[in-house]
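# A structural walkthrough
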Amino acid sequence: MAEYQWYPGHMTKAKRMMQEDIKLIDLVIELVDARVPFGSRNPDIDELGKNKSRIILLNKSDLADAKKNKLWMGYFADKGFHALEINAKTGTGVKSIQGVVQEACRDKIERDRRRGILNRPVRAMVVGIPNVGKSTFINSFAGRACAKTGNRPGVTKGKQWIRLNKGLELLDTPGILWPKFEDQTVGLHLAMIGSMNDEIVHLDELAYELIRFLRGEYPGLLEKRYDIEISDGQDAYDVIRAVCVSRKCYLKGEELDIMKASSMVVDDFRSGRIGRITLEIPEE
Ligand code: G4P
């Protein structure tokens, strides 16, 4: 489980590094978590990357609701991004990125050609908040077949570029964007997907919120997963108690182990065992 806690100092540092690295590249490949595509973005990237080509990858699409993935793809396309659904862990969708890169960088490639610059590769950088799958993606995108290029004139010392093909080079270290939890709902969603330090969230509260959401948006999934029955009059606390009984989470004697059942529910959600679930839908 990734554990991140962000202080103003972290954010300033992350931002400064982004500002430096972004100068070196033509294309920003931004990863978002498909279960929380809004909350797992930091909109500051729009300002930082304003003169760059942009691609958004809806990662962990395997854990998210397939229909909602389509809605989000439409949303990002409407905003003018080139977007793609992927699963960085298995590599699903990753192959299609090369074509999208060509699309996204068409203007740059054209501009180079008009100026007589031929065969200058597109330089790209992967960015995203912690835990969205940046390292997993770089590994699956770059694979083993790639060659690392050394330092070259004009490139900041120490930066490593991975050459994917003669038209594309990728900065080997991803850019870390700082999450924005100013909005309470966003904070809650990030906690649900495990992008916040679990020590600062109350797992039982988190489980109750998740249960409320699931009952409203995905009725039947909890019943199926935990082999329980839930009636209308019952609240989230009753549901956790039912999970305790069904999964035999007891402290001593007959006392229910609410924390154990809560952490089970949260964990099952995060790893997709309750089902493919998306927490956010695009705003109108
Ligand atoms: P980061 O660099 O952005 O911080 O993220 P990282 O690649 O470390 O990935 C964070 C976690 O998300 C990892 O799980 C990784 O396996 C998982 N992950 C990345 N992409 C996908 C995806 O498309 N689908 C799914 N289901 N999972 C993905 P972990 O729990 O830290 O490790 P492990 O359990 O995979 O060993």
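Below is a summary of the structure that appears in this document. Since the structure is predicted, the reported quantities are computational estimates derived from the model, not experimental observations.

Rules and cut-offs
- Residues numbered from 1 in each chain as written.
- Predicted model: local features only at pLDDT ≥ 70, side-chain atom pairs only at ≥ 80, totals over all residues.
- Heavy atoms only, no water.
- Axes fitted to C-alpha atoms, helices over the stretch in contact; angles between N-to-C directions.
- Helix = DSSP H or I, 4+ residues; strand = E, 2+ residues; numbered from the N terminus.
- Parallel < 35°, antiparallel > 145°, perpendicular 65-115°, else oblique.
- Contact = heavy atoms within 4.5 Å.
- Phe/Tyr/Trp six-rings, centres within 6.5 Å; stacked < 30°, edge-to-face > 60°.
- Buried < 20%, exposed > 50% of the residue type's maximum accessible area, 1.4 Å probe, protein only.
- Near = heavy atom within 4 Å.
- Polar contact = N/O pair within 3.5 Å; in protein donor to acceptor, adjacent residues only side chain to side chain.
- Areas by Shrake-Rupley, 256 points an atom, 1.4 Å probe, with all protein chains shown as cover.
- Nonpolar A, V, L, I, M, F, W, Y, C, P; charged D, E, K, R; others polar.

## Quick look at the packing of helix H10 (residues 236-246) against helix H11 (residues 258-270)
Running from N to C, H10 and H11 point in directions that differ by 95°, and their axes come no closer than 9 Å. Looking at the two axes, H10 sits roughly perpendicular to H11. Contacts from Tyr-237, Ile-240, Arg-241, Val-243 and Cys-244 in H10 reach Ile-258, Ala-261, Ser-262, Met-264 and Val-265 in H11.

## Some thoughts on the packing of aromatic side chains
What the rule picks out here adds up to 7 aromatic pairs. Seen in terms of ring centroids, Trp-72 and Tyr-75 are 5.0 Å apart; in terms of plane orientation they differ by 75°. Their pairing is edge-to-face. Of the two residues, Trp-72 and Tyr-75 are both situated in helix H3 (residues 66-78); the distance of 3 residues between them amounts to about one turn of the helix. Relative accessible area serves as the criterion here: at 2%, Trp-72 is assigned to the buried category. For the pair Tyr-75 and Phe-76, a centre-to-centre distance of 5.2 Å together with 75° between the ring planes defines the contact as edge-to-face. Tyr-75 sits in the partly exposed class, given a relative accessible area of 22%.

## A look at the site of the ligand
Around the ligand, the structure places 16 residues, and the nearest of them are Asp-62, Asn-131, Lys-134, Ser-135 and Thr-136. The backbone of Asn-131 places a nitrogen or oxygen atom 2.8 Å from an oxygen atom of the ligand. A distance of 2.8 Å separates an oxygen atom of the ligand from a polar atom in the side chain of Ser-135. Isolated, the ligand exposes 710 Å² of accessible area, and the fraction of that covered by the protein chains is 67%. In terms of residue count, helix H6 (residues 134-142) provides more of the shell around the ligand than any other element does, 3 residues in total. Counted by class, the shell around the ligand contains 6 nonpolar, 6 polar and 4 charged residues.

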